[in-house]
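Architecture and fold: a report
Each chain is listed here by its residues.
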Amino acid sequence: GTVVTFDSGATLLVEKQNPPSTKVPDGQTSRKLLVVEDDPDQRDILEIVLSAAGFKVHSVANGMEALSDLKLFKPDLIVTDIMMPELDGIEFVSA
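In this report, the structure presented in the accompanying data block is examined. Keep in mind that this is a model prediction, so the values were computed, not measured.

The next point concerns the overall build of the chain. Regarding its fold elements, the chain presents three helices and five strands. Going residue by residue from the N terminus, the α and β elements of the chain occur as β-β-β-α-β-α-β-α. Looking at the chain as a whole, 25% of its 95 residues are labelled buried. Of the contacts made within the chain by residues no fewer than 6 positions apart, 50% connect residues no fewer than 24 positions apart. For the chain, the exposed area adds up to about 6200 Å²; of that, 55% sits on carbon and sulfur atoms.

Next up on the list: the packing of aromatic side chains. Applying the stated rule across the entire model yields zero aromatic pairs. Across from the ring centre of Phe73, 5.3 Å away, lies the NZ or CZ of Lys32, which sits over that ring.

Glancing now at helix 1 (residues 40–52). Given a rise of 1.5 Å per residue, 13 residues ought to cover 18 Å, and the 18 Å separating the end C-alpha atoms of helix 1 matches this to within 8%. For helix 1, the complete set of buried residues consists of Gln42, Arg43, Leu46, Val49 and Leu50. For helix 1, the buried positions fall inside an angular range of 140 degrees around the axis, keeping them on one side. Opposite its buried face, helix 1 presents the exposed residues Asp41, Ile48 and Ala52, each directed more than 90 degrees away. For helix 1, the N-terminal cap is Asp39; the gap from its side-chain oxygen to the backbone nitrogen of Asp41 is 2.9 Å. Phi turns positive, to about 105 degrees, at Gly54, one or two residues after helix 1.

Of all hydrophobic cores here, the largest spans eight residues; its members are Leu34, Val36, Val60, Ala66, Phe73, Met84, Leu87 and Phe92. Excluding anything up to four places from it in sequence, Leu34 contacts His58, Val60, Ala66, Leu70, Phe73, Pro75, Leu77, Ile78 and Val79. Val35, Leu46, Leu50 and Val57 belong to the second-largest nonpolar core, a separate cluster that totals five residues.

On to the sheet that holds strand 4 (residues 56–60). Taking strand neighbours across the sheet as the criterion, the three strands line up as 4-3-5 in an open arrangement whose pairing is parallel. Looking at the sheet topology across the chains shown, the edges are occupied by strand 4 and strand 5 (77–80). Across the sheet, the mean angle from the axis of one strand to that of its neighbour is 20 degrees, orientation sign disregarded. As paired strands, strand 3 (residues 32–36) and strand 4 are joined by five bridges and run parallel to one another. For Leu33, the partnering residue across the bridge sits in strand 4 and is Val57. On the sheet, helix 1 packs against strand 3 and strand 4 and is oriented at approximately 170 degrees with respect to strand 4.

Another aspect to go through is the pairing of strand 3. Regular strands place side chains that alternate from one sheet face to the opposite one. Within strand 3, five of the five residues are buried, which leaves the element mostly enclosed by the surrounding structure. Alternating residues of strand 3 divide into Lys32, Leu34 and Val36 and Leu33 and Val35, and every residue in both groups is buried. Note on the crossover from strand 3 through helix 1 to strand 4: the handedness is right-handed. Where strand 3 and strand 5 come together, four bridges link them in parallel fashion. Across the sheet, residue Leu34 finds its bridge partner in strand 5, namely Ile78.

Reading the values: the criteria
- Residues numbered from 1 in each chain as written.
- Predicted model: local features only at pLDDT ≥ 70, side-chain atom pairs only at ≥ 80, totals over all residues.
- Heavy atoms only, no water.
- Helix = DSSP H or I, 4+ residues; strand = E, 2+ residues; numbered from the N terminus.
- Buried < 20%, exposed > 50% of the residue type's maximum accessible area, 1.4 Å probe, protein only.
- Contact = heavy atoms within 4.5 Å.
- Areas by Shrake-Rupley, 256 points an atom, 1.4 Å probe, with all protein chains shown as cover.
- Phe/Tyr/Trp six-rings, centres within 6.5 Å; stacked < 30°, edge-to-face > 60°.
- Lys NZ or Arg CZ within 6 Å of the ring centre and 35° of its normal.
- Expected span 1.5 Å × (residues − 1).
- Arc of directions from axis to C-beta.
- Polar contact = N/O pair within 3.5 Å; in protein donor to acceptor, adjacent residues only side chain to side chain.
- Core = buried A, V, L, I, M, F, W, Y, C linked by side-chain atoms within 4.5 Å.
- Pairing = 2+ DSSP bridges.
- Axes fitted to C-alpha atoms, helices over the stretch in contact; angles between N-to-C directions.
- Right-handed = clockwise from strand over helix to strand, strands pointing away.

Have a look at this one:
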């Protein structure tokens, strides 16, 4: 798969080891990924990199937004920050 490594939240390294599986559910062209990140710069970087890796990316700024978008977007994978306003990452995954 694709390895994404963050160093102190500032440096991003993306390395393709093996191409991701192209098998997706019928009628769907790519895997859907939800990014939950309050920092707009980090959110943009994640969206750019993960889109380039073949994911259909939807991003939101906090756990409350993520909860409200879950049923509409129906992601295959969620990447979340831990420390966020309104509803943090721990509270979000526990909801």
